[in-house]
Amino acid sequence: MSLILASGSPRRKELLALITPEYTVLPSDFDESALTAPTPRELALALARGKCGAVAALRPGDTVLGCDTVVEFGGRVFGKPRDKEDARRMLTALSGADHWVHTGVCLRRGERELCETASTRVRFYPIPAAELEAYLNTGEPYDKAGGYGIQGRAALFCEEIEGCYYNVMGLPVSRVARMLKNFE
């Protein structure tokens, strides 16, 4: 079985290597801009399914893994921030509060498909203004859903996690490993 990761995310590549060293990377060109869903959790799954489907159409004989992660706060989706102000808005909202991180995971080979969503609750300590500004100046927030990377300096903001830590990084490792076993 040839496994293809439909993502160029360095975090997903690193985490998938914990499961198997035998995979190739083929980032998806799926246009996610017009996609909507009733809930953030369903949006994460729809995005993962779309990314997976775009690559699977090119490689129908291979097993394709598509993923997408969204941060949910108050029923709203916090994707990747557009700029520094957008990151500041997101992190100010998350400061001292609980939020959810949802990662949609989709496996497809030919007509066979297996999709799931992992959800993790994250609570941040209140983030002092000076720490927030210092974080915004690192450049770290700008390619990550919700404007933060839990594996980086944002670890200083995290008070509590309920669920899979790796899900917050973008790939729920143990769930994906089990999905792959069930997909063989």
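Residues numbered from 1 in each chain as written. Predicted model: local features only at pLDDT ≥ 70, side-chain atom pairs only at ≥ 80, totals over all residues. Heavy atoms only, no water.

**Observations concerning the side chain of T69**
Piece 1. Topologically, T69 is positioned in strand β3 (residues 63–73).
Piece 2. Of note is the side chain of T69, whose polar atom sits 2.8 Å from the side chain of T103.
Piece 3. If sequence neighbours within four positions are ignored, T69 has contacts with R12, V101, H102, T103, A145, N167 and G170. (Helix = DSSP H or I, 4+ residues; strand = E, 2+ residues; numbered from the N terminus. Polar contact = N/O pair within 3.5 Å; in protein donor to acceptor, adjacent residues only side chain to side chain. Contact = heavy atoms within 4.5 Å.)

**Remarks on the packing of helix α1 (residues 10–19) against helix α6 (residues 173–183)**
Piece 1. Where α1 contacts α6, the axes come no closer than 10 Å and their chain directions differ by 55 degrees. Taken together, the axes of α1 and α6 lie oblique to each other. Where α1 crosses over α6, the handedness of that crossing is right-handed. From α1, L15, L18 and I19 reach across to α6, where they touch V173, V176, A177 and L180. (Axes fitted to C-alpha atoms, helices over the stretch in contact; angles between N-to-C directions. Parallel < 35°, antiparallel > 145°, perpendicular 65-115°, else oblique. Left-handed = near helix turned anticlockwise from the far one by under 90°.)

**Here's the deal with the environment of I19**
Piece 1. The residue I19 is located in helix α1 in this model.
Piece 2. Here the alpha-carbon distance between I19 and L180, two residues 161 residues apart in the chain, equals 9.3 Å.
Piece 3. When neighbours within four sequence positions are excluded, I19 is seen to be in contact with V173, V176, A177 and L180.

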